[in-house]
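If you want the building blocks of each chain, they are given just below.
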Amino acid sequence: MFSKKKIFFALVMFLLIPSIVYGNESRLLEAPIYIDDVPINTRYIMREGHLMVPALYLKHTGAYVDWNDQYRSVVFKAKDKMFALPVGKSYSDDFNQSTGKWIRHPLPTSTIDFGGEPFVPLIDVAKKLGMGVRYDPKVNRTFITTNLPIAANSIESAGTTEKLVALTFDDGPEDYYTPKILSILKEKGVPATFFVVGRQITYFPEIMKQIAKDGHGIANHTWHHPDLRYQWSSTVKEEIISTQNEMQKVLGKKPDVFRPPYGAYTKADVAILNEIGMRNILWSVDTLDWSGMSAEAIMEIIHRDASPGGIILQHNFQSKARLLDGTIEALPRIIDDLQKQGYKFVTIQTMLDEQKGQNPPAEGQAIEPPVSQPPAQEKPIDQQPIVPPPAQ
Ligand SMILES: [Zn+2]
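The following refers to the structure shown. (Residues numbered from 1 in each chain as written. Predicted model: local features only at pLDDT ≥ 70, side-chain atom pairs only at ≥ 80, totals over all residues.)

1. Concerning the sheet that holds strand S7 (residues 91-96)
Overall, antiparallel pairing links the 5 strands, which are arranged S4-S5-S6-S7-S8 in an open sheet. Both edges of this open sheet fall to strand S4 (64-68) and strand S8 (101-106), since each of them pairs with a single strand only. Ignoring strand direction, the axes of neighbouring strands in this sheet form an average angle of 25°. Across 5 bridges, the pairing between S4 and strand S5 (residues 73-78) is antiparallel. Each residue of the ladder has a partner; that of Tyr64, found in S5, is Lys77. (Pairing = 2+ DSSP bridges. Helix = DSSP H or I, 4+ residues; strand = E, 2+ residues; numbered from the N terminus. Axes fitted to C-alpha atoms, helices over the stretch in contact; angles between N-to-C directions.)

Right, here's the structure in full:
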């Protein structure tokens, strides 16, 4: 039988243990970290005096971040450096390029699972990646110098004074709005560019073929339409390449232009696009049509924001409701109005070729994600990437 004292002790321990185990790490906070002088917000927790952030946040530095399911470890890669941080361990396994061996090094704190997500000690990881780290107590902020230049590869509008403008339609192909858009474009004799989702091509290959047959630009918009910021680097690569392969299969060709879902991406995602040889196309005119905007409201935005080299963002797929009636109603009016103002409609590919003739793209830091982003339309499908496992 338990004595009253023992039961009391057990009760006290039962109440105390969660606070001992979780302590201050249960407080999830949010603050900006300065990465190459650009403030980028992150969720974080303080644990034993260490600043712990979601492992994927490190993608903003340009480093590749992956997950190894076998070893339950986060794998970081930048330049010639590669190391793995296993969850629940206070060490890292570092890959030695010259010997091909993994060598274990202690860390001052352990990598943790927080709400199903790996959190890593930011300062230690950044230093291991060869980055400069500075904490300024006056402003209570952390500054990271990445020493990892990522060539600029993001285009909001083409650098041209010529009155060229590009219509772009995202998220298709599908069989309700896409045929209506195609018939308006055909009637007006105007080309557009379709940023297609790989999975949608498998559902509507004939409509995909019609888009290409009508002379429109084709472009990659991932396979599942996930927010790239929250995907492991190898998943991002897979999302892009599988869509490229599907276009090659259905059309016999593939594009070199890409748009990230929601216009959201990190420097590591741009590095992948550079690696594959694709341009990151954003927009300069956001019609906000996905929100069920009326044709009148869309026209107001077009008149306000259209400019030479402009890229107009519209959609041709809406999963939840028929919200794009305004897009269909506005389209002939957009074409007529802008043509009256002297604009010529071109595909993104043609626009980039024109730009190449005028201004060669500058090398430097990738630009940051734009502020305006449509809300999530589809849930990402979790995928575990395969990376070389660290030796135990
Ligand atoms: Zn989209």
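There's plenty left to go through after this.
2. Notes on the pairing of strand S14 (residues 164-170)
Along S14, 7 of the 7 residues are buried, which leaves the element largely enclosed by surrounding structure. Residues of S14 alternate between two faces, with Leu164, Ala166, Thr168 and Asp170 on one and Val165, Leu167 and Phe169 on the opposite face, all of them buried. Both S14 and strand S21 (residues 344-345) contribute to a ladder of 2 bridges, which runs parallel. Bridge pairing links Leu164 to Lys344 in S21. One ladder, built from 6 bridges, connects S14 with strand S20 (residues 310-315); its direction is parallel. When the bridges of S20 are listed, Phe169 appears paired with Gln314. Where the polypeptide runs from S14 across helix H3 (residues 177-188) and back to strand S15 (residues 193-196), its parallel neighbour, the crossover connection is right-handed. (Buried ≥ 20, exposed ≤ 12 C-beta atoms within 10 Å, placed from the backbone. Right-handed = clockwise from strand over helix to strand, strands pointing away.)

3. Describing helix H5 (residues 205-213)
Among the residues of H5, those classed as buried are Ile207, Met208 and Ile211. The buried side chains of H5 occupy one side of the element, clustering within an arc of 105° when seen end-on. Exposed and oriented more than 90 degrees from the buried face of H5 are Glu206 and Lys213. Structurally, H5 contributes buried residues whose contacts are with H3, S15, helix H4 (198-203), strand S16 (217-220) and helix H6 (233-251). The positive-phi residue at the C-terminal boundary of H5 is Gly215, with phi of around 85°. (Arc of directions from axis to C-beta. Contact = placed C-beta atoms within 7 Å.)

4. Details of the environment of Ser90
Following the sequence through the fold, Ser90 ends up in the loop between strand S6 (81-86) and S7. Accessibility expressed as a C-beta count within 10 Å gives 15 for Ser90, which makes it partly exposed. Spatially, the C-alpha atoms of Ser90 and Pro108 are 6.5 Å apart, while their sequence positions differ by 18 residues. Setting aside residues up to four positions removed in sequence, Ser90 forms contacts with Pro106, Leu107, Thr109 and Ser110.

5. Remarks on the sheet that holds strand S3 (residues 50-54)
As summarised here, the arrangement of the 7 strands in space is S9-S10-S3-S2-S1-S12-S11, forming an open sheet in which the pairing is mixed. Each edge of the sheet is formed by a strand with only one pairing partner; in this case those strands are strand S9 (112-114) and strand S11 (132-136). Pairs of neighbouring strands in the sheet enclose a mean axial angle of 40°, with direction left out of account. Across 3 bridges, strand S2 (residues 38-47) lies against S3 in antiparallel orientation. Its bridge partner being in S3, Ile45 is matched across the sheet by Met52.

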